[in-house]
Amino acid sequence: MDNLYTKDYALTLLNTKKGALNELYAKADRIRKQYMGDEVFIRGIVEFSNICSNNCLYCGIRASNSNVKRYKMKMDEILSIAKKMEKSHQTTIVLQSGEIKGTYDEEIGELIKRIKRETSLAVTLSVGNRPYETYKYWKECGMDRYFLRFETSNRELFSRLHPDSSFDERIECLMNLKSLGVQTGSGFMIGLPGETIETLAENILLCRALDLDMIGIGPFIPHPDTPLGNEKNAYEDDKDMFFKAVAVLRIFNPDCHIPATTAFDAVFPGNGRNLVLQRGANIFMPNNTPKKYREEYLLYPGKPGVDETPEESLDSAIKRILSINRTVGTGPGHSIKKH
Ligand code: 5AD
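On a predicted model such as this, the values are computed, not experimentally measured, just so you know.

Caption draft 1: Inspection of the nonpolar core at higher detail. Ranked by internal contacts, the top residues of the largest apolar core, which has 93 residues, are Leu95 and Tyr146. With 10 residues, the single largest contributor to this core is helix H9 (residues 240-252). Other than its neighbours up to four places away in sequence, Tyr146 contacts Thr124, Leu125, Val127, Gly128, Tyr135, Trp138, Leu177, Val182, Gln183, Thr184, Gly185 and Met214. In terms of nonpolar packing, the next biggest core, distinct from the first, is built from 5 residues, Phe41, Ile45, Val94 and Ile283 among them.

Here it is, written out as structure tokens:
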């Protein structure tokens, strides 16, 4: 059965001609419905700190971007957001920040414990590479899930873009998380400068090989304050590729949670995420970061919702889900995989 999911098959699907796109999207949507149902689970994201010691070449909050005002939210502030989220029927909090090893790891552990003690939320963490022991400690504190993209499966490209980490280290982190029984998410950017459609096919195959619980992918968007500021997305002139990538990802990973990521709305304002939900995705991640911090968490330019409050972002997410005849997920929406 598994020899169905080959690189050749991925490439064939990614090369679908314009006239046959609707068929490809319908197939992905059918598989999504068959395995994941019509519920769209909401994962509220809180970007709790933009302090970062890394210098990833694409990222707007890279350490050496001095145009960013650095912030780190107080634990009490995050906890009170978590409580509000629970009141507004959100069931998962995704805590994301820049990567800074060691310094706040215990504080993060304490925060996880408090959220688990004082709310019923599932906790997803997304704060970068850490040693096995740290992930183990966070798991013991109650962490349910972890999200860490491998960004690209092309080793050469990975090392060019990430002066502070290696591809092998990143994969090891993912394996460690899986071995600890943490629901594990990864993914990649679509259209990094220098990638080819072969890379894209291999990215999708790597997601499948990693046997992930969640997979998040989104178009690369050049940020002017980064070394890639003058580069173009590799599929700049063929943006269908962004959606084809999601559809093929779903076909290759039928039982994974796949979010309609925010970057799609930056490329297609207002309906990018809706389209992604209709072409394979089943998760929406409304931004729960307080408005005053949002300007300072621009990983890429044109990020939507910078002027919104958390309430407005949630409201708009729910309206969008209902507008495409889907329902809002109830319950935590854990992984459906039996590992
Ligand atoms: N364009 C698109 N996505 C980006 N990310 C970081 N910078 C950019 C960019 N310029 C993504 C990375 C990271 C996630 C948090 O944001 O994939 O894992």
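Caption draft 2: Inspection of the sheet that holds strand S6 (residues 183-190) at higher detail. Strand order in this open sheet of 6 strands is S2-S3-S4-S5-S6-S7, and the pairing throughout is parallel. Of all strands in the sheet, those with a lone pairing partner are strand S2 (44-49) and strand S7 (214-219), marking the two edges. The sheet shows a mean angle of 20° between the axes of neighbouring strands, taken without regard to direction. Its contacts with the sheet place helix H4 (residues 105-118) against S2, strand S3 (92-97) and strand S4 (122-126), and it is angled at close to 160° to S4. Sheet strands in contact with H9 are S6 and S7, and its direction is about 170° off that of S7.

Caption draft 3: The arrangement of unusual backbone geometry in detail. Even without glycine at this site, His89 takes up a positive phi of about 65°. Mapped onto the secondary structure, His89 falls in the loop between helix H3 (75-87) and S3. Positive phi outside glycine occurs at Glu151, with the angle close to 70°. Mapped onto the elements, Glu151 comes out in the loop between strand S5 (145-147) and helix H6 (155-161). Given the relative accessible area of 11%, Glu151 is considered buried.

Caption draft 4: Structural context of the pairing of S6. Within S6, 8 of the 8 residues are buried, leaving the element largely enclosed by the surrounding structure. In this structure, S5 lies alongside S6, joined through 3 bridges in parallel fashion. Directly across from Arg145, in S6, lies its bridge partner Gln183. Bridge count for S6 against S7 is 6 bridges, and the pairing is parallel. Bridge pairing links Gly185 to Met214 in S7. Between the parallel pair S6 and S7, the chain is carried across by helix H8 (residues 197-210), and the sense of this crossover is right-handed.

Caption draft 5: Structural context of the side chain of Ser153. The topology assignment puts Ser153 in the loop between S5 and H6. Aside from chain neighbours lying at most four places away, what touches Ser153 is Phe167, Thr199, Glu202, Asn203 and Leu206.

Caption draft 6: Seen up close, the environment of Ile51. Here Ile51 is to be found in the loop between S2 and H3. On the basis of relative accessible area, Ile51 is assigned to the partly exposed category, the value being 22%. As for Ile51 and Leu174, which are separated by 123 residues in sequence, their C-alpha atoms are 22 Å apart. Residues contacting Ile51, with those up to four places away along its chain left out, are Arg70, Tyr71, Lys72, Gly98, Glu99, Ile100 and Tyr104.

Caption draft 7: View of the pattern of salt bridges. Under the counting rule described, the total for this entry stands at 24 salt bridges. Between Lys303 and Glu47 there is a salt bridge, with its nearest N and O atoms 2.8 Å apart. Of this pair, Lys303 sits in the loop between helix H12 (291-294) and helix H13 (310-323) while Glu47 sits in strand S2, and the two are 256 residues apart along the sequence. For Glu47, a relative accessible area of 4% gives the class buried. Between Glu236 and Lys239 there is a salt bridge, with the nearest N and O atoms lying 3.9 Å from each other. Glu236 sits in the partly exposed class, given a relative accessible area of 32%.

Caption draft 8: Layout of the environment of Tyr58. Among the secondary structure elements, Tyr58 is positioned in the loop between S2 and H3. Separated by 211 residues in sequence, Tyr58 and Pro269 place their C-alpha atoms 21 Å apart. Setting aside anything within four residues of it in sequence, one finds Tyr58 in contact with Glu151, Leu161, His162, Met189, Leu192, Phe220, His223, Thr226, Leu228 and Leu299.

Caption draft 9: Region of the structure containing the packing of H4 against helix H5 (residues 132-141). Packing of H4 against H5 leaves a shortest axis separation of 8 Å and a crossing angle of 20°. If you check the angle between H4 and H5, you find them roughly parallel. Relative to H5, H4 is oriented so that their crossing is right-handed. Contact residues: H4 offers Asp105, Glu106, Ile108, Gly109, Glu110, Ile112, Lys113 and Lys116, while H5 offers Thr134, Tyr137, Trp138 and Cys141. Class assignment for the residues of the contact of H4 with H5 results in 5 nonpolar, 2 polar and 5 charged.

Cut-offs used in this document
Residues numbered from 1 in each chain as written. Predicted model: local features only at pLDDT ≥ 70, side-chain atom pairs only at ≥ 80, totals over all residues. Heavy atoms only, no water. Core = buried A, V, L, I, M, F, W, Y, C linked by side-chain atoms within 4.5 Å. Buried < 20%, exposed > 50% of the residue type's maximum accessible area, 1.4 Å probe, protein only. Helix = DSSP H or I, 4+ residues; strand = E, 2+ residues; numbered from the N terminus. Contact = heavy atoms within 4.5 Å. Pairing = 2+ DSSP bridges. Axes fitted to C-alpha atoms, helices over the stretch in contact; angles between N-to-C directions. Right-handed = clockwise from strand over helix to strand, strands pointing away. Salt bridge = Lys/Arg side-chain N within 4 Å of Asp/Glu carboxyl O. Parallel < 35°, antiparallel > 145°, perpendicular 65-115°, else oblique. Left-handed = near helix turned anticlockwise from the far one by under 90°. Nonpolar A, V, L, I, M, F, W, Y, C, P; charged D, E, K, R; others polar.

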